[in-house]
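Residues per chain are reported as follows:
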Amino acid sequence: MASGGGSLESQFEEFSKFGDSKSTGKTITLTQCDKWMKQAKVIDGKTITTTDTGIQFNKFKSKTIDYKTFVKYLEELAAYKKLDANDIKNKMIGCGMPGTSGATKAQKVGGVERLTDTSKYTGSHKERFDASGKGKGITGREDVAENTGYVSGYKDKNTYDKKH
């Protein structure tokens, strides 16, 4: 991850915009705070949990808080857990910019690797992928619904007008 993001206030602004395209960077939600704290390894599941952060955040009786309230929130959280507020702030400053690097990775162990290797697919399934292994989507399927109103296998399709 990137090192340092400048100041706590600049990090606050970046994380308050993360995941919310309409955010101005002036207020932050509990979810965004938790994401930031997990990235900074403040929330570790033992010393501080998301339950602890939720309890302290809900004391402000608002879905979002501004920077000044956020600093107060961090100090109250630190006091509640008997930790140093400056240590928490320093971790949050040094965690880098918001991102999802390494958050979710595809598993490649045991049978999963064999099952997800499209080069080993046979029959009609191999037609659903191009040479690079990327899926073709609906164009790679042989049995595409026609949506004509007739059931599949009906032999006298489009003959009603001719007979009547």
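Residues numbered from 1 in each chain as written. Predicted model: local features only at pLDDT ≥ 70, side-chain atom pairs only at ≥ 80, totals over all residues. Heavy atoms only, no water.

Colleague: Just give me the short version of unusual backbone geometry, but keep the residues and values in it.
Modeller: If you check the backbone angles, K41 has positive phi at about 60° while not being a glycine. Secondary-structure assignment places K41 in the loop between α2 (30–39) and α3 (50–58). The phi angle at K82 is positive, at roughly 55°, despite the residue not being glycine. Within the secondary structure, K82 is located in the loop between α4 (67–80) and α5 (85–93). Classification of K82 as exposed rests on a relative accessible area of 75%. (Helix = DSSP H or I, 4+ residues; strand = E, 2+ residues; numbered from the N terminus. Buried < 20%, exposed > 50% of the residue type's maximum accessible area, 1.4 Å probe, protein only.)

Colleague: Explain the nonpolar core to me, using residue names and the numbers behind them.
Modeller: Counting 24 residues, the largest nonpolar core has I28, W36, M37, F70, Y73, L74 and M92 as its most contacted members. Of all the secondary-structure elements, those providing two or more residues to this core are α1 (8–17), α2, α4 and α5. The element that contributes the greatest number of residues to this core is α4, accounting for six residues. If near-sequence neighbours (up to four positions away) are discounted, M37 is found in contact with V42, I43, T53, Y73, L74, L77 and M92. (Core = buried A, V, L, I, M, F, W, Y, C linked by side-chain atoms within 4.5 Å. Contact = heavy atoms within 4.5 Å.)

Colleague: Account for the side chain of D34, with residues named and values stated.
Modeller: With respect to the helices, strands and loops of the structure, D34 is situated in helix α2. There is no salt bridge for the buried D34, and the closest opposite charge comes from K38, which lies 5.9 Å off by N-O distance. (Lys, Arg positive; Asp, Glu negative; His and termini not counted. Salt bridge = Lys/Arg side-chain N within 4 Å of Asp/Glu carboxyl O.)

Colleague: So what's going on with the pattern of salt bridges? Residues and values would help.
Modeller: Under the defined criterion, the tally for this structure stands at three salt bridges. We note a salt bridge from D52 to K81, for which the minimum N-O separation is 3.2 Å. You can see D52 sitting in helix α3 and its partner K81 sitting in the loop between α4 and α5, a full 29 residues away along the chain. Among the residues examined, D52 registers a relative accessible area of 9% and is labelled buried. A relative accessible area of 25% places K81 in the partly exposed class. The residue E75 makes a salt bridge to K89 at a minimum N-O spacing of 3.3 Å. A residue pair is termed long-range when its members are at least 10 positions apart, and E75 in helix α4 and K89 in helix α5 qualify at 14 residues. Look at E75 and you get partly exposed, because its relative accessible area is 39%.

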